[in-house]
Amino acid sequence: MRRRREARLSEVIAAAGAADLSDLLRTAYGNGATLASLARLTGLGREQLRVELENAGVAVRKTGHNLPESKQGRAGRVDAAVADRVGTDDIRRWLLEQSNNGHTAAALAALTGRSIPWVRSRLRGTTTAFTSMAAGTTPGCISANDNRRDSC
């Protein structure tokens with residue numbers, strides 16, 4: 001079984017026109033290949049790939065920062081589309097301004113076409129004046145991180 005795996009890997013290296021596994025990995029990873037795509041190509045597991053990339057002198061990219069199709073890339077495109085939809089260039093600033101003007105997280109979700117957790121995640125680390133408290137309570141500053149009332 002090991003011989004078959006090594007023979008298959010040799011075929012893959014030769015088909016790619018690489019001198020050896022290190023050359024193949026440097027070239028493919030440098031051109032944007034992900035660990036998952038390299039694992040499918042070579043038959044190696046992620047951990048072994050990380051070892052081989054390190055041996056080839058290649059720094060492994062942080063998870064999720066591989067390509068525009070990564071989670072962060074998609075999130076950035078979604079944020080830009082939502083910002084365009086509401087007519088701003090900075091969706092986080094716009095959400096903060098709207099929440100400080102009295103809009104609830106639910107109202108902001110409806111305005112943006114996104115979910116309440118999405119709105120809250122974009123406001124994380126800021127202090128917002130959500131006023132979605134029970135009737136008869138005094139609106140106060142609520143941290144987007146935990147929805148507890150904080151003193152303003």
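Residues numbered from 1 in each chain as written. Predicted model: local features only at pLDDT ≥ 70, side-chain atom pairs only at ≥ 80, totals over all residues. Heavy atoms only, no water.

Thoughts on the environment of Gly-43
Tracing the backbone shows Gly-43 in the loop between α3 (35-42) and α4 (46-55). With residues up to four places along the chain from it excluded, the contact list for Gly-43 reads Arg-8 and Leu-38. (Helix = DSSP H or I, 4+ residues; strand = E, 2+ residues; numbered from the N terminus. Contact = heavy atoms within 4.5 Å.)

Let's talk about the confidence of the model for the protein chain
In low-pLDDT regions, the fine details of the predicted coordinates are not to be read closely. Confidence along the protein chain averages 80 in pLDDT terms, with 74% of residues attaining 70 or more. Taken together, the stretch residues 128-152 has pLDDT below 50 and engages in 52 contacts with residues farther than four places along the chain or on a different chain. (pLDDT = per-residue confidence, 0-100.)

A closer look at the packing of aromatic side chains
Enumeration according to the criterion identifies 0 aromatic pairs in this entry. Taking NZ or CZ as reference, Arg-61 lies 3.8 Å from the ring centre of Tyr-29, over its face. (Phe/Tyr/Trp six-rings, centres within 6.5 Å; stacked < 30°, edge-to-face > 60°. Lys NZ or Arg CZ within 6 Å of the ring centre and 35° of its normal.)

Here's the deal with the pattern of salt bridges
Under the definition given, this model contains 4 salt bridges. Linking Asp-79 and Arg-122 is a salt bridge whose minimum nitrogen-to-oxygen distance equals 2.9 Å. Within this pair, whereas Asp-79 is found in helix α5 (residues 71-86), its partner Arg-122 is found in helix α8 (residues 116-123), the two being separated by 43 residues in sequence. Where Glu-97 meets Arg-93, a salt bridge forms, and the shortest distance between an N and an O atom there is 3.6 Å. With Glu-97 and Arg-93 both in helix α6 (residues 91-100) and 4 residues apart, the pair spans about one turn of that helix. When its relative accessible area of 40% is taken as the criterion, Arg-93 is described as partly exposed. (Salt bridge = Lys/Arg side-chain N within 4 Å of Asp/Glu carboxyl O. Buried < 20%, exposed > 50% of the residue type's maximum accessible area, 1.4 Å probe, protein only.)

Regarding the side chain of Thr-88
Locating Thr-88 in the fold gives a position in the loop between α5 and α6. Here the side chain of Thr-88 touches Asp-90 through a polar contact of 3.3 Å, landing on its backbone nitrogen. (Polar contact = N/O pair within 3.5 Å; in protein donor to acceptor, adjacent residues only side chain to side chain.)

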